[in-house]
Amino acid sequence: MGVVGGRGGGPAHATIADVSELVQRYLDQILREHAGDTAGKLADYIPELAAVDPDDFAISVSSSDGYVYETGDTATQFTIQSVSKPFTYALAMDRLGEAVVDAHIGVEPSGEAFNEISVDRTTRRPKNPMINAGAIAAVALVPGTGDERFENIRGFYSGCAGRELDVDEEVYRSEEATGSRNRAIAYMLDSFGVLDADPDEVLDVYFRQCSLTVTSTDLARMAATLARGGLNPLTGRQVTTAEVVRRTLSVMTTCGMYDAAGDWVSAVGMPAKSGVGGGIAAVLPGQLGIGVYSPLLDDKGNSVRGVKVCRSLSQELGLHFLTVSRESRSTIRAVYDVDDDIRVYEVHGDLLFAGAEQVLRSIDRDSADFAAVILDVSRLDSVNDPARAMLLGLSAQLGGEGKAGFLVDPDRRVIPAEHPAADLCFPDVDDAVAAARAWLHSAPAP
Ligand code: GLU
């Protein structure tokens, strides 16, 4: 909640739509900004990928409490391809523990193409789980044989997405029919004793895993599950442990974006994984999960528009994970009521975009029965520009709702003195309450 300008015909109720609209409009705008960019090429190693609509474009963002914003072709299903790799790695870790997995797969960036037929010279293990050699070794570690192993994988991804995922049978058959290079990798691993399972069986599961279909929203939810340390915020199910997630995010950070990992970490700063199907899943630990779909790929195999969207989101919303803050998100520290119609919210910590979004949304959700709302930001340690814009933007929305909002902001860190709404800013709660009471008495009867 921020500060409101107008007061209309009685206390209308602000709804959850107010805050969502701000973020929604922002996402729509990012989509429009990048929609005209038609650079890149469709993957063409199998006919199914070469035949997808190159214009398809979708962005989904899941907050850490499971609220999803989406824009564009978010119902379009596409194959997960290599975005699957961190999830199978996580599953193997979850079932067998770090020591066993580490004995089979390294964690060093390879500096080689994703489908390079290579292993670490000394250890003879695949260098990391984000290249095909490591991903195939991870499949072999998942318990079960044949269908059972695949069902374990499908069940784990579905647990992260919060819905049952299915295989695109045509893509699967094509992957199988054209998979000579992956066969070469699997047999090489077998000869080095890295695969404790039949290479053909493992390959079959790997091809099916790559052919599972998702939407951008599924990817956002899967990413949000990682952002929550393995807890799916939609279903409330703990799909894996925080330790497994920490390791998974580590390899996504160093090896997730094919050969562009360094550029990605510098410019975007979120653990992420892309796939040749055109999907990218990006994770802001503790805060957000992002899923983008656009099938035109750059020469590294990353979605051109997907990378640009993630850059824009990161830069404009201040999402880089190495942005130093004392707390990764601010929280509502106290909520209390004064009289019957004034509700006070006290916020503390560092207010960043995701924190502001959640604070505003919970205020919207819980303050429906209150004509006046006071937001006390005097205990905030810091507030960044995107969070400030959220507070200011909401105030404009509430102006049309007939509700009044007052801000306790002694240092004027949220509303500058010259802002038109500055006269609704007070040095302490008592002054804000007095102003709210005066407003209530002068307001026309509903
Ligand atoms: N099925 C593809 C392969 O293994 C996945 C490629 C990718 O998305 O990187 O070659």
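Model, not experiment: these values are computed from the prediction.

As a further point, take the packing of aromatic side chains. Counted by the stated rule, this structure contains five aromatic pairs. Taking the centre distance of 6.2 Å and the plane angle of 50° together, the rings of Phe406 and Phe426 count as tilted. Residue Phe406 is located in strand E11 (residues 404-408), and its partner Phe426 is located in strand E12 (residues 425-426); the two are separated by 20 residues in the primary sequence. Across this residue pair, the class does not change: Phe406 and Phe426 are buried. Its end group placed over the ring of Phe57, Arg305 keeps NZ or CZ at 4.5 Å from the ring centre.

Before going further, it helps to spend a moment on the sheet that holds strand E8 (residues 331-338). An order of E8-E9-E10-E11-E12 is seen for the five strands of this open sheet, with the pairing classed as mixed. In this open sheet, the two edge strands, each paired with only one partner strand, are E8 and E12. Bridge count for E8 against strand E9 (residues 342-351) is seven bridges, and the pairing is antiparallel. Within E9, the residue paired with Thr331 across the bridge is His348. Sheet contacts for helix H14 (residues 353-366): E8, E9 and strand E10 (372-383); angle to E9, the most-contacted strand, approximately 170°.

For the rest of this paragraph, the subject is the nonpolar core. One finds Ile80, Ile136, Phe156, Tyr157, Leu189, Leu219 and Met222 to be the most contacted residues of the largest nonpolar core, which totals 62 residues. When contributions to this core are tallied by element, the ones reaching two or more residues are helix H3 (85-96), helix H5 (132-141), helix H6 (147-161), helix H8 (180-191), helix H9 (199-210), helix H10 (216-227), helix H11 (242-255) and strand E6 (279-284). If we skip the residues at most four places from it in the chain, Ile136 touches Asn182, Ile185, Ala186, Leu189, Leu195, Val202, Leu203 and Tyr206. Counting 49 residues, the second-largest nonpolar core is a separate cluster that includes Trp264, Leu351, Phe353 and Val383.

Once that is clear, we can look at the environment of Asp369. Mapped onto the secondary structure, Asp369 falls in the loop between H14 and E10. Given a relative accessible area of 64%, Asp369 falls into the exposed group. Sequence separation between Asp369 and Leu49 is 320 residues, and the spatial gap between their C-alpha atoms is 52 Å.

So, on to the site of the ligand. Lining the immediate surroundings of the ligand are Tyr45, Gln81, Ser82, Phe114, Asn132, Glu175, Asn182, Tyr206, Cys210, Tyr258, Gly275 and Val276. Tyr45 places a polar side-chain atom, nitrogen or oxygen, 3.3 Å from a nitrogen atom of the ligand. With respect to the ligand, the side chain of Glu175 contributes an N or O atom lying 2.9 Å from a nitrogen atom. Starting from 300 Å² of accessible surface for the ligand in isolation, the protein chains cover 95%. Among the residues making up the shell around the ligand, the classes are represented as six nonpolar, five polar and one charged.

Quick look at the confidence of the model for the protein chain now. Counting all residues, the mean pLDDT for the protein chain is 89, and 91% of those residues have values of 70 or more. Note that residues 1-16 has pLDDT below 50 and, in this model, 60 contacts with residues that lie over four places away or in other chains.

Burial runs high along strand E1 (residues 58-63): six of the six residues are buried. Of the two faces of E1, the one lined by Ala58, Ser60 and Ser62 and the one lined by Ile59, Val61 and Ser63 are each fully buried. By the bridge criterion, five bridges tie E1 to strand E2 (residues 68-72) in an arrangement that is antiparallel. Each bridged residue has a counterpart across the sheet, and for Ala58 the counterpart in E2 is Gly72. Between E1 and E2, which pair antiparallel one after the other, the connecting turn spans four residues, and Gly66 there sits at a positive phi close to 95°. Alignment of E1 against strand E7 (residues 288-293), held across six bridges, turns out to be antiparallel. Paired with Ile59 across the two strands is Val292, which belongs to E7.

In this structure, Phe156 sits in helix H6. Setting aside residues no more than four positions away along its own chain, Phe156 makes contact with Phe87, Ala90, Leu91, Val239 and Thr240.

The next point concerns the pattern of salt bridges. The full count for this structure, using the stated rule, is 22 salt bridges. The salt bridge involving Glu21 is made with Arg25; its shortest N-O contact spans 3.6 Å. On the criterion of helical spacing, the pair formed by Glu21 and Arg25 is a turn pair, its members being four residues apart in helix H1 (residues 16-35). Measuring nitrogen to oxygen at the nearest pair gives 3.7 Å for the salt bridge that ties Glu176 to Arg183. On the accessibility criterion, Glu176 (27% relative accessible area) is partly exposed.

Quick look at the side chain of Asn232 now. By secondary structure assignment, the location of Asn232 is in the loop between H10 and H11. Under the relative-accessibility criterion, Asn232 is labelled buried at 1%. If we ignore the near neighbours within four places in the chain, the residues touching Asn232 are Gly159, Cys160, Ala161, Gly162, Thr225, Arg237 and Val239.

In spatial order, the strands read E2-E1-E7-E6-E5; together these five strands make up an open sheet with antiparallel pairing. Whereas interior strands pair on both sides, the edge strands pair on one side only; in this sheet they are E2 and strand E5 (272-274). If you compare each strand with its neighbour and ignore which way they point, the axes differ by 10° on average. In this structure, E6 lies alongside E7, joined through six bridges in antiparallel fashion.

The rules we used
- Residues numbered from 1 in each chain as written.
- Predicted model: local features only at pLDDT ≥ 70, side-chain atom pairs only at ≥ 80, totals over all residues.
- Heavy atoms only, no water.
- Phe/Tyr/Trp six-rings, centres within 6.5 Å; stacked < 30°, edge-to-face > 60°.
- Helix = DSSP H or I, 4+ residues; strand = E, 2+ residues; numbered from the N terminus.
- Buried < 20%, exposed > 50% of the residue type's maximum accessible area, 1.4 Å probe, protein only.
- Lys NZ or Arg CZ within 6 Å of the ring centre and 35° of its normal.
- Pairing = 2+ DSSP bridges.
- Contact = heavy atoms within 4.5 Å.
- Axes fitted to C-alpha atoms, helices over the stretch in contact; angles between N-to-C directions.
- Core = buried A, V, L, I, M, F, W, Y, C linked by side-chain atoms within 4.5 Å.
- Near = heavy atom within 4 Å.
- Polar contact = N/O pair within 3.5 Å; in protein donor to acceptor, adjacent residues only side chain to side chain.
- Areas by Shrake-Rupley, 256 points an atom, 1.4 Å probe, with all protein chains shown as cover.
- Nonpolar A, V, L, I, M, F, W, Y, C, P; charged D, E, K, R; others polar.
- pLDDT = per-residue confidence, 0-100.
- Salt bridge = Lys/Arg side-chain N within 4 Å of Asp/Glu carboxyl O.

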